[in-house]
Every structure is written in structure tokens, then in C-alpha cells.
Amino acid sequence: MTHEIERKFLVHDFVPPPAATAQRVRQGYVAITEEGTEVRIRRASGRQTLTVKSGTGLVRVEVEREIGEEDFDALWPTTAGARIEKDRYRLPDGPHTVVVDVYHGALHGLCTAEVEFPSVEAAQRYTPPGWVGEDITGAVGYLNRSLSTHGIPAHEENTRNDHHGN
């Protein structure tokens with residue numbers, strides 16, 4: 001069993017560093033259960049994956065497998081109504097990588113950052129860089145599966161901003 005230990009944060013007024021390059025990500029949800037299990041497909045940088053996640057919070061089960069383009073294309077129509085598009089930036093932060101997602105479409109203006117850790121202790125010790133905002137780890141409304149079907153949580157809509165044309 002594979003576990004993901006990850007913290008997630010809001011980011012306000014993100015400006016990508018000049019040397020940073022964005023990876024375009026398209027993902028859709030084939031299935032989402034009330035108990036918090038999700039089956040997702042993703043296309044990024046010419047690679048397609050099928051991922052199953054379960055749970056919420058700091059530690060979740062995650063199993064991911066690469067799939068072929070034909071399989072992705074066959075499954076994509078099943079994700080109608082549960083899709084997101086975003087630009088992804090990977091920024092170094094000491095021994096960590098901060099993954100910043102700038103969302104498009106109905107989620108335009110939302111920007112989040114995620115950091116994965118080797119242990120719960122490392123996650124609890126982590127101090128994010130100053131440009132990172134509120135810790136939203138475990139906030140169900142900010143899980144990508146929820147964003148894909150329900151949009152940005154209501155209290156966040158008033159703080160959306162334009163990410164310099166993104």
C-alpha cells in the first residue's frame with residue numbers, strides 16, 4: 001500500500017519565478033465516493049496516469065499507474081462534469097519541492113501549493129516559505145476532486161485574483 005503524506009496551502013498573488021516553467025495538467029474524475037475514494041485520470045507532459053486515492057487529511061492512500069493514450073482517451077468522456085485544468089510549477093524549497101497549481105476555467109484565480117513529505121514528523125516540522133498562505137490540509141472543499149465538481153469554496157470566491165494572465 002502506498003501512502004501520500006502531503007500538506008496543502010492557499011497561495012495569493014502568485015508570480016512564477018522567471019526561470020520557472022509550467023506543466024499543463026488536465027485531469028478528470030472517473031469515480032468519487034461519499035467515503036472519500038477517488039479514481040482519477042491525468043494527462044501531463046505527454047504522460048497519462050490512472051490514480052486511486054482514499055482518505056482525507058495529512059496521510060492518504062495513493063496508488064498510481066501509467067496508462068496508454070488510448071485508454072486515457074476512452075476514459076476521458078466518463079469524467080464530464082468532474083474535470084480541472086491547471087498549470088503546475090515545481091519550485092525548490094531546501095530539501096523539499098513546493099508544487100504550485102494555478103487553476104483555469106471555472107477555477108480561474110485559485111492557486112494552491114502542495115508539499116510531500118517522507119514522514120508525518122517531517123510534515124509537522126515544515127515551515128512553508130513566506131509567499132505561501134493558509135494551511136488547507138484536510139479541507140475537503142480544496143481537494144481536487146471537490147474542486148472539480150463543486151468549484152471554489154464559497155468563502156474563497158471573494159479573494160480570487162488574476163494570476164497575471166494564467
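See above for the structure.
Parameters and conventions
Residues numbered from 1 in each chain as written. Predicted model: local features only at pLDDT ≥ 70, side-chain atom pairs only at ≥ 80, totals over all residues. Heavy atoms only, no water. Phe/Tyr/Trp six-rings, centres within 6.5 Å; stacked < 30°, edge-to-face > 60°. Helix = DSSP H or I, 4+ residues; strand = E, 2+ residues; numbered from the N terminus. Buried < 20%, exposed > 50% of the residue type's maximum accessible area, 1.4 Å probe, protein only. Polar contact = N/O pair within 3.5 Å; in protein donor to acceptor, adjacent residues only side chain to side chain. Core = buried A, V, L, I, M, F, W, Y, C linked by side-chain atoms within 4.5 Å. Contact = heavy atoms within 4.5 Å. Salt bridge = Lys/Arg side-chain N within 4 Å of Asp/Glu carboxyl O. Pairing = 2+ DSSP bridges.

Colleague: Break down the packing of aromatic side chains for me, with residues and values.
Modeller: Working definition: an aromatic ring pair is given by the centre-to-centre distance plus the angle between the planes. Counted by the stated rule, this structure contains 5 aromatic pairs. Consider the rings of Phe9 and Tyr126, whose centres lie 6.5 Å apart with planes at 55 degrees: the pair is tilted. Pair noted here: Phe9 is in strand β1 (residues 3–11) and Tyr126 is in the loop between α2 (120–125) and β9 (132–135), with a separation of 117 residues, a long-range link. Tyr126 matches Phe9 in its accessibility class, with the two residues each being buried. Among the aromatic residues, those joined into a ring-pair cluster are Phe9, Phe117 and Tyr126.

Colleague: Can you break down the side chain of Asp87 residue by residue, with the values?
Modeller: Considering the arrangement of structural elements, one finds Asp87 in strand β6 (residues 83–93). For Asp87, a relative accessible area of 8% translates into the label buried. Here Arg24 takes part through its side chain, which lies 2.7 Å from a polar atom of the side chain of Asp87.

Colleague: So what's going on with the nonpolar core? Which residues, and what values?
Modeller: Core analysis: the largest hydrophobic core is formed by 17 residues, its most contacted members being Phe14, Val100 and Phe117. Contributions of two or more residues to this core are made by β1, β6, β7 (96–103), β8 (111–116) and α2. Ignoring sequence-local partners within four residues, the contact set of Val100 consists of Phe14, Asp87, Arg88, Tyr89, Leu91, Cys111, Thr112, Ala113 and Trp131. The next biggest cluster of nonpolar side chains, apart from the first, holds 9 residues, and it includes Leu10, Ile84, Ile136 and Tyr142.

Colleague: So, unusual backbone geometry: which residues are in play, and what are the values?
Modeller: Residues other than glycine seldom take positive phi values, yet Asp13 does so here, at roughly 55 degrees. Taking the relative accessible area as the measure of exposure, Asp13 reaches 58% and is therefore exposed.

Colleague: Got a sec to walk through the pattern of salt bridges? Specific residues and values, please.
Modeller: Evaluation of the coordinates by the stated rule reveals 14 salt bridges. With a shortest N-O distance of 2.7 Å, Asp135 and Arg7 are connected by a salt bridge. With a gap of 128 residues between them, Asp135 in strand β9 and Arg7 in strand β1 connect regions that are remote in the sequence. Judged by its relative accessible area of 14%, Arg7 is buried. Here Glu114 makes a salt bridge to Lys8, at a shortest N to O gap of 3.7 Å. Highlighted residues: Glu114 in strand β8 and Lys8 in strand β1, separated in sequence by 106 residues. Lys8 shares its class with Glu114; the two are buried. A single salt-bridge network, built from bridges that share partners, covers Glu4, Lys53, Arg60 and Glu62.

Colleague: How would you explain the environment of Val59 if you had to name every residue and give the values?
Modeller: Here Val59 lies in strand β5 (residues 59–67). Assessed through its relative accessible area of 36%, Val59 is described here as partly exposed. Sequence separation between Val59 and Gln23 is 36 residues, and the spatial gap between their C-alpha atoms is 25 Å. Aside from chain neighbours lying at most four places away, what touches Val59 is His3, Glu4, Ile5 and Val120.

Colleague: Go over the pairing of strand β3 (residues 38–44) with me, naming the residues and quoting the values.
Modeller: Here β3 lies mainly inside the structure; 6 of its 7 residues are buried. Examined bridge by bridge, strand β2 (residues 23–32) and β3 share 7 bridges and lie antiparallel to one another. Bridging across to β3, Gly28 finds its partner in Ile41. Counting the residues between successive antiparallel strands, the hairpin from β2 to β3 contains 5 residues, one of them, Gly36, with a positive phi of roughly 100 degrees. The hairpin turn running from β3 into strand β4 (residues 47–54), its antiparallel successor, is 2 residues long, and Ser45 in that turn takes a positive phi close to 55 degrees.

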